[in-house]
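Coordinate analysis (summary)
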Amino acid sequence: MLAKIAVLVSGGGTNLQALLDAQGKKLKHGEIKAVISNHENAYALRRAEKYGVPAYTIKNENEIIQIIEENKIDLIILAGFLSILSKDFTKRYTNRILNIHPSLIPSFCGKGYYGLKVHEAALAYGVKITGATVHFVNEIPDGGKIIDQKAVRVHKGDTPEKLQRRVMEKAEWILLPRATEAVCKNILKEKTK
Ligand code: GAR
């Protein structure tokens, strides 16, 4: 038995790609059953289609819930999903939603910190080490329990784009499949208790 995963996306979907590539390898206990976007032009949807994974564009949270319930999803992963979920939604799926954030929480996180903005803030502050965090999602933006983190060095002359790319390559694409596998394993353990 495999844990059923839905991945929520808004953009390019390189983290989704890392998960798709990890299936059957580093991700042994989970299977991506649905990719859900709030933007119909998100390239992430094309990535899902290439892998034969059903791809949905939704207009509101109720539509997400419908897809989650219909597909009996065990784990929801926010992989560059840039819309904040309601308290009702996060409560409904306590310990069943993961998010990847491109900094070492509690730095450069919370409302307004997403995508390139996070790296702009890290460079403006002058930190020498940044990274990525995978955490459970609760009602506080980027405030749920941390599952794992990975540090990345800031280089002299970094631009937000260069730093973003390094954080993705050296942290996010490794961390997200690893944390997903660990959580999927636990979910299955709980189910067979
Ligand atoms: C990633 O860097 C992810 O960590 C970030 O958006 C990017 C999405 O890229 N998420 C956030 O900032 C959430 N607060 P991707 O679509 O290529 O995976």
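Conventions and cut-offs
Residues numbered from 1 in each chain as written. Predicted model: local features only at pLDDT ≥ 70, side-chain atom pairs only at ≥ 80, totals over all residues. Heavy atoms only, no water. Patch = residues over 30% accessible without salt bridge, like charges linked within 9 Å, V, L, I, M, F, W, Y side chains within 5 Å. Areas by Shrake-Rupley, 256 points an atom, 1.4 Å probe, with all protein chains shown as cover. Salt bridge = Lys/Arg side-chain N within 4 Å of Asp/Glu carboxyl O. Lys, Arg positive; Asp, Glu negative; His and termini not counted. Charge placed at Lys NZ, Arg CZ, Asp CG, Glu CD. Helix = DSSP H or I, 4+ residues; strand = E, 2+ residues; numbered from the N terminus. Buried < 20%, exposed > 50% of the residue type's maximum accessible area, 1.4 Å probe, protein only. Near = heavy atom within 4 Å. Polar contact = N/O pair within 3.5 Å; in protein donor to acceptor, adjacent residues only side chain to side chain. Pairing = 2+ DSSP bridges. Right-handed = clockwise from strand over helix to strand, strands pointing away. Axes fitted to C-alpha atoms, helices over the stretch in contact; angles between N-to-C directions. Parallel < 35°, antiparallel > 145°, perpendicular 65-115°, else oblique. Left-handed = near helix turned anticlockwise from the far one by under 90°. Contact = heavy atoms within 4.5 Å. Nonpolar A, V, L, I, M, F, W, Y, C, P; charged D, E, K, R; others polar. Core = buried A, V, L, I, M, F, W, Y, C linked by side-chain atoms within 4.5 Å.

**Quick notes on a positive patch on the surface**
Taken together, the side chains of Lys26, Lys28, Lys185 and Lys189 make up a positively charged region of the molecular surface. Mapped onto the secondary structure, Lys26 falls in the loop between α1 (14–22) and β2 (30–37). We classify Lys26 as exposed; its relative accessible area is 69%.

**What about the site of the ligand?**
Among the 13 residues in the neighbourhood of the ligand, the closest are listed as Gly13, Thr14, Asn15, Gly115 and Glu172. Here an oxygen atom of the ligand and a side-chain polar atom of Asn15 are 2.9 Å apart. At 2.7 Å from an oxygen atom of the ligand is found a side-chain nitrogen or oxygen belonging to Glu172. In the complex, the protein chains occlude 91% of the 450 Å² of accessible area that the ligand would expose alone.

**Some points on the pairing of strand β4 (residues 75–78)**
Residue alternation in β4 divides its side chains into two sets, Leu75 and Ile77 and Ile76 and Leu78, and both sets are buried. By the bridge criterion, four bridges tie strand β1 (residues 3–9) to β4 in an arrangement that is parallel. Directly across from Val7, in β4, lies its bridge partner Ile77. In this sheet, strand β5 (residues 97–101) lies alongside β4 in parallel orientation, the contact comprising three bridges. Bridging across to β5, Leu78 finds its partner in Asn99. Handedness of the β-α-β unit built from β4, helix α4 (residues 87–92) and β5 comes out right-handed.

**Things to note about the packing of α1 against helix α2 (residues 43–50)**
Closest axis-to-axis distance for the α1/α2 pair is 9 Å, and the angle between their directions is 15°. Put simply, α1 runs roughly parallel to α2. For the pair α1 and α2, the crossing hand works out as right-handed. For the pair formed by α1 and α2, the contact residues are Thr14, Leu16, Gln17 and Leu20 on the first element and Ala44, Arg47 and Ala48 on the second. Partitioning the contact of α1 with α2 into residue classes produces four nonpolar, two polar and one charged.

**Overview of the nonpolar core**
If you look at the biggest cluster of nonpolar residues, it comprises 41 residues, and the most contacted ones within it are Ile5, Val7, Leu16, Ile32, Val35, Leu75 and Ile77. Setting aside anything within four residues of it in sequence, one finds Ile77 in contact with Ile5, Ala6, Val7, Leu8, Leu19, Leu98, Leu176 and Thr180. In this structure, Ile67, Phe89, Ile97 and Val137 belong to the second largest nonpolar core, which totals 18 residues.

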